[in-house]
Amino acid sequence: QRAIIGMGKTGQSCAHFLQNCGESFIWCDTREKPPELEALRAQYPSVAFYCGDLPVPLLCSMDEIAVSPGVSVQEPALRMAAASGVSLVGDIEWFVRATQKPIIAITGSNAKSTVTTLVGEMAAACGLRAGVGGNLGTPVLDMLQRDADTDCYVLELSSFQLETTHSLQAQVATVLNISDDHMDRYDSLVDYTAAKHKIYLNAHHVVVNRADVLTQAEIHHASVWSFGVDVGNGSDHAVSVRAINNQPCLVLGKQNVLLPIAAIRIAGSHNVANVSAALALAAAAGWNLEKCATAVREFKGLPHRCQWVAEKNRVRFYDDSKGTNVGATIAAIEGLAQEKNVVLIAGGEGKGADFSALEPVVNRHARALVLIGRDADLIGASCPRVPQFRAVSMTDAVQRAADIARQGDVVLLSPACASFDMFKNYEDRGQQFCAAVEALA
């Protein structure tokens, strides 16, 4: 007997999967009134629904409980179920049991979506039919309907998904980077890192970030590859940056030139690292790197990830609404900055993060901070040496930033926070930013 916890996108995907398998299940949600409850009751008339407090005795009698990523496995009811021998899994676990196809598995605090999408484009350029999804886009179980026609899967995986995944044997796995995130769900950075490192278990090839020691682990079962924007050590398993004919290029090993840095269209120096990571994943997978380089040349990036919006009065505006943690915001600032040329719009729901790491980067590169949302004061307190302004809405924030910025500056929305205190989601936040920029004189 199985239970599903959560009636959002992932939970609905799990329910559809179990129904197709002819399996019975119960369905729970910690919310008293999940938004789609009545529609789901009508769609699954034979299923018992439980909303609000989780039914502990019933859950303890299950064989397996599928936990949606939005629900913590530390919920007391789930801990009690686990203590009584019930297996806590997620949709990724059911997916990897159901497919035999190669999986490229990607996690990290930042850049997961960009790298996952780019690797999917590389697969297509190599003539492979790739299923791209997971934490991004299509829930994995929904992709199984086309499994027979799929050559491989490229999956973005969150730490929450990895916590409940036990059977992943990725062809290639990477942790792109690790920085403070989701500290409202983890006791420490050590616990968060351990969840990320689960992606390496039983992988055939592992790709690590040479610039981030937290991505590196004791690996004895797999071949280890690396990426970075340094010159590397010349290993045949390393993608690095080297000058070839006085032109900086991404190179595999000592001299296998993959492409010139100038050919990368996505903005910011941090995106050179993202392309380096994607090429290392493709190399580890044994793909045609010339075709992968063509995919890089054509890749324009994703919405709300350091995306150029407009230039007004010789000030450039960039939407990095997907910058929902401190590490992402640091990467965005450093990717676009020269000296003191950034007006940063930041703030929102901080998820228990420590904002102190922002201070040196903001001090070096920011002309001013325009702060919004619930944790504006926490960010402000962590960066006391830079001029600060409070804004009550995105329109207000953009107008203030435009007033402060000088010719040649960059106005960057990179909040270092989640969006739920003021917006529906990060997309809504980014769209409001773009609309406010377009409305400027």
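So, here is what we can say about the structure in this document. (Residues numbered from 1 in each chain as written. Predicted model: local features only at pLDDT ≥ 70, side-chain atom pairs only at ≥ 80, totals over all residues. Heavy atoms only, no water.)

As for the overall build of the protein chain
Short version of the rule: Strands are runs of DSSP state E lasting at least two residues, helices are runs of H or I lasting at least four, and both sets are numbered from the N terminus onward. Both definitions apply: the radius of gyration is a C-alpha atom measure, and the globule rule equals 2.2 Å times residues to the power 0.38. Residue contacts are counted whenever heavy atoms from the two residues lie within 4.5 Å of one another.
Along the protein chain, the regular secondary structure elements total 16 helices and 20 strands. Its C-alpha radius of gyration of 23 Å places the protein chain within 12% of the 22 Å reference for a compact globule of 441 residues. Based on the C-alpha atoms only, the size of the protein chain along its principal axes is roughly 65 × 50 × 35 Å. Sequence separation of at least 24 residues holds for 62% of the intrachain contacts in the protein chain that already meet a minimum separation of 6.

Looking at the pattern of salt bridges
Side-chain pairing between opposite charges can occur once the charged atoms of the two side chains come close. Put simply, the rule reads: Any carboxyl oxygen of Asp or Glu within 4 Å of a side-chain nitrogen of Lys or Arg constitutes a salt bridge here. Burial classes: relative accessible area under 20% of the type maximum marks a residue as buried, over 50% as exposed, and values in between as partly exposed (1.4 Å probe, protein chains only).
For the coordinates displayed, the defined rule picks out 14 salt bridges. Residues Glu-93 and Arg-97 are paired through a salt bridge, measuring 2.9 Å at the closest nitrogen-oxygen approach. Of this pair, Glu-93 and Arg-97 are both found in helix H5 (residues 91-98), four residues apart, which corresponds to roughly one turn of the helix. The buried category is assigned to Glu-93, whose relative accessible area is 2%. With a shortest N-O distance of 2.5 Å, Arg-210 and Asp-230 are connected by a salt bridge. Highlighted residues: Arg-210 in the loop between strand E10 (205-209) and strand E11 (223-227) and Asp-230 in the loop between E11 and strand E12 (238-244), separated in sequence by 20 residues. According to the relative accessible area criterion, Arg-210 is partly exposed, its value standing at 23%. In this structure Asp-230 comes out as partly exposed when scored by relative accessible area, which is 36%. Each of the salt bridges in this network shares a partner with another, and the network as a whole consists of Arg-2, Glu-23, Glu-64, Glu-93 and Arg-97.

Here's the deal with helix H13 (residues 358-365)
Because an α-helix packs 3.6 residues into every turn, residues spaced three or four apart end up facing the same way. Along H13, the residues classified as buried are Leu-358, Val-361, Val-362, Asn-363 and His-365. Residues of H13 that are buried sit in contact with helix H12 (326-336), strand E17 (342-346), strand E18 (366-371) and helix H14 (376-382).

Looking at helix H11 (residues 289-298)
What counts, and what does not: Of all possible arcs, the one meant is that of the directions from the helix axis to the C-beta atoms. The term polar contact refers here to a pair of N or O atoms within 3.5 Å; inside protein, the definition further demands a hydrogen-donor-capable atom paired with an acceptor-capable atom, and it admits residues adjacent in sequence only when both atoms are side-chain atoms.
If you check which residues of H11 are buried, you get Leu-289, Cys-292, Ala-293, Ala-295 and Val-296. An end-on view of H11 places all buried positions within 155° of arc, on one side of the element. More than 90 degrees from the buried face of H11, the exposed residues found are Glu-290 and Glu-298. Buried residues along H11 sit in contact with helix H6 (112-125), strand E13 (247-252), strand E14 (256-260) and helix H10 (270-285). Measuring from the side-chain oxygen of the N-cap residue of H11 to the backbone nitrogen of Glu-290 gives 3.0 Å; that N-cap residue is Asn-288.

Considering the side chain of Arg-429
Test applied: The charge count treats Lys and Arg as positive and Asp and Glu as negative. His and the chain ends do not count.
In this structure, Arg-429 sits in helix H16 (residues 426-438). One buried charged side chain, Arg-429, makes no salt bridge at all; its nearest oppositely charged neighbour is Asp-421, positioned 5.8 Å away. Contacts of Arg-429, omitting those with residues within four sequence positions, involve Ser-321, Thr-324, Gly-347, Met-394, Leu-413, Pro-415, Cys-417, Ala-418, Ser-419 and Phe-423.

Quick look at the packing of aromatic side chains
In plain terms, the rule: In this analysis, rings of Phe, Tyr and Trp, with Trp reduced to its six-membered ring, are considered paired at centre separations within 6.5 Å, and the interplanar angle assigns stacked below 30 degrees, edge-to-face beyond 60, and tilted for intermediate values. Throughout this description, the term charge over a ring refers to an Arg CZ or Lys NZ atom that lies within 6 Å of the ring centre and within 35 degrees of the ring normal.
Considering all chains together, one arrives at eight aromatic pairs under this definition. The interplanar angle of 85° and the centroid separation of 5.5 Å between the aromatic rings of Trp-27 and Tyr-44 together place this pair among those described as edge-to-face. Placement of Trp-27 in strand E2 (residues 25-29) and of Tyr-44 in the loop between helix H2 (37-43) and strand E3 (48-51) is noted, with a sequence separation of 17 residues between them. Of the two residues, Trp-27 and Tyr-44, neither departs from the other in class, the shared state being buried. Among the aromatic side chains, those forming a connected cluster through ring pairs are Phe-25, Trp-27, Tyr-44 and Phe-49. Of note, Arg-185 hangs over the ring of Phe-160, and the distance from its end group to the ring centre comes to 3.6 Å. Over the face of the ring belonging to Tyr-426 we find Lys-322, whose NZ or CZ atom lies 5.5 Å from the ring centre.

Some remarks on the sheet that holds strand E20 (residues 410-413)
Here is the rule we go by: The pairing criterion for strands is at least two bridges between them, as found by DSSP. Under this scheme, a helix contributes an axis fitted over its contacting stretch, all axes are lines through C-alpha atoms, and angles between N-to-C directions fall in the 0 to 180 degree range.
Strand order in the open sheet made by the six strands is E15-E16-E20-E17-E18-E19, with mixed pairing throughout. In this open sheet, the two strands that pair with only one neighbour each are strand E15 (307-312) and strand E19 (388-390). Direction aside, neighbouring strands of the sheet carry axes that sit 20° apart on average. Summarising the sheet, E17 and E18 pair through five bridges and their orientation is parallel. Paired with Leu-344 across the strands is Leu-369, a residue of E18.

Some points on empty space enclosed by the protein
For the record, the criterion: A cavity here means a set of points on a 1 Å grid, drawn over the protein atoms and nothing else, where a 1.4 Å probe fits but cannot get out; a pocket is an open set with protein on both sides within 12 Å along at least five of seven lines, and a residue lines either one if it has an atom within 4 Å of a point. Grid points are joined across faces, edges and corners, and a volume is the space filled by probe spheres set on the points.
On inspection of all chains with the given rule, the structure shows one cavity of 30 Å³ or more. In this structure, the largest cavity spans a volume of roughly 60 Å³. Around the largest cavity sit Val-67, Ser-68, Pro-69, Val-71, Val-73, Gly-90, Asp-91, Phe-160, Gln-161, Glu-163, Thr-164 and Arg-185, which together line it. Looking at the lining of the largest cavity element by element, the count peaks at three residues for helix H8 (residues 159-163).

Thoughts on the sheet that holds strand E4 (residues 64-67)
Pairing is parallel across the open sheet formed by five strands, whose spatial order is E3-E2-E1-E4-E5. If you trace the sheet from one side to the other, it starts and ends with E3 and strand E5 (87-89), each paired once. Neighbour-to-neighbour, the strand axes of the sheet open up by a mean angle of 20°, direction not taken into account. As judged from the four bridges shared by E2 and E3, these two strands associate in the parallel manner. Of the residues in E3, the one forming a bridge with Asp-29 is Cys-51. Against the sheet, helix H4 (residues 76-83) engages strand E1 (2-5), E4 and E5, with an angle of about 150° to E4.

Brief notes about the pairing of E1
Condition: Every crossover in which the path from the first strand over the helix to the second runs clockwise, viewed with the strands pointing away from the viewer, is termed right-handed.
Looking at chain direction, E1 and E4 are connected through four bridges and run parallel. Bridge pairing links Arg-2 to Glu-64 in E4. Crossover connection from E1 via helix H1 (residues 9-20) to parallel E2: handedness right-handed.

Read these as layout, nothing more, since geometry by itself doesn't imply function.
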